[in-house]
Amino acid sequence: MYIAQEESFGPVMVISKFKNGDVDGVLRRANTTEYGLASGVFTKDISKALYISEKLEAGTVFINTYNKTDVAAPFGGFKQSGFGKDLGKLFSPSLISHLTVQINEQTY
C-alpha cells in the first residue's frame, strides 16, 4: 500500500488489518518502510504496547494517543526521517537511536 510506505505530513492515519495475534507480522510490515518518524499503537494490553514500542523502528511511539508530545522529550526519527535528536534534556549527537514513548495513562 503506497500511503503506508510514504512519510505523509498532514491529517493522515493509516489503519491496517492483521490476523489476531500476528504482532510480529505487523512489526515486519511497519518496519519495512524507509521512514521512521513516529508511530502509534492502540490497544488495551499495556504489555503488548510496550513490546511493540521497543520493536518499532520509529523515533516516537504513541500509545493510545497520537501527536501529544512533551516539549522536554527528545524529537527526531529513524532511518530517512532524520539523524539524531534535538530538543529535550537528553539532546546529544550520540543519541541517534533514542526512542520516545508517549502513553495515554487514562486508558489503563
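Details of the structure are given in the entry above.
Presented here is an overview of the structure given in this document. (Residues numbered from 1 in each chain as written. Predicted model: local features only at pLDDT ≥ 70, side-chain atom pairs only at ≥ 80, totals over all residues. Heavy atoms only, no water.)

1. Things to note about the overall build of the protein
Of the regular secondary structure elements, the protein holds three helices and five strands. Out of the 108 residues belonging to the protein, those deemed buried represent 29%. Contacts in the protein between residues at least 24 apart in sequence constitute 51% of all its contacts with a sequence separation of at least 6. Carbon and sulfur atoms form 56% of the exposed surface of the protein, whose accessible area is close to 7600 Å². (Helix = DSSP H or I, 4+ residues; strand = E, 2+ residues; numbered from the N terminus. Buried < 20%, exposed > 50% of the residue type's maximum accessible area, 1.4 Å probe, protein only. Contact = heavy atoms within 4.5 Å. Areas by Shrake-Rupley, 256 points an atom, 1.4 Å probe, with all protein chains shown as cover.)

2. Side note on the environment of D24
Tracing the backbone through its elements, the reader meets D24 in helix α2 (residues 23–31). Separated by 31 residues in sequence, D24 and K55 place their C-alpha atoms 9.0 Å apart.

3. Examining the pairing of strand β5 (residues 100–103)
Side chains T100 and Q102 project from β5 onto a buried face, and the interleaved V101 and I103 project onto a face without burial. Bridging between strand β3 (residues 60–63) and β5 involves four bridges; their strand directions are parallel. From the neighbouring strand, F62 faces β5, where its bridge partner is Q102. (Pairing = 2+ DSSP bridges.)

4. Thoughts on the packing of α2 against helix α3 (residues 46–55)
Packed helices, taken two at a time, are described by their axes: the angle between them and the distance between them. For the pair α2 and α3, interaxial distance at closest approach is 10 Å and the crossing angle is 35 degrees. Like other packed secondary-structure pairs, α2 and α3 cross with a definite hand, here right-handed. Note on element contacts: α3 touches α2 through K48, Y51, I52 and K55, opposite V23, D24, L27 and N31. The residue inventory of the contact of α2 with α3, partitioned by class, reads four nonpolar, one polar and three charged. (Axes fitted to C-alpha atoms, helices over the stretch in contact; angles between N-to-C directions. Left-handed = near helix turned anticlockwise from the far one by under 90°. Nonpolar A, V, L, I, M, F, W, Y, C, P; charged D, E, K, R; others polar.)

5. Here we look at the side chain of T100
Here T100 is to be found in strand β5. Excluding its chain neighbours within four sequence positions, the residues that come into contact with T100 are G59, T60, V61, A73 and P74.

6. Digging into α2
All of the buried residues in α2 are V23, G25, L27 and N31. Close packing links the buried residues of α2 with α3 and β4 (78–79).

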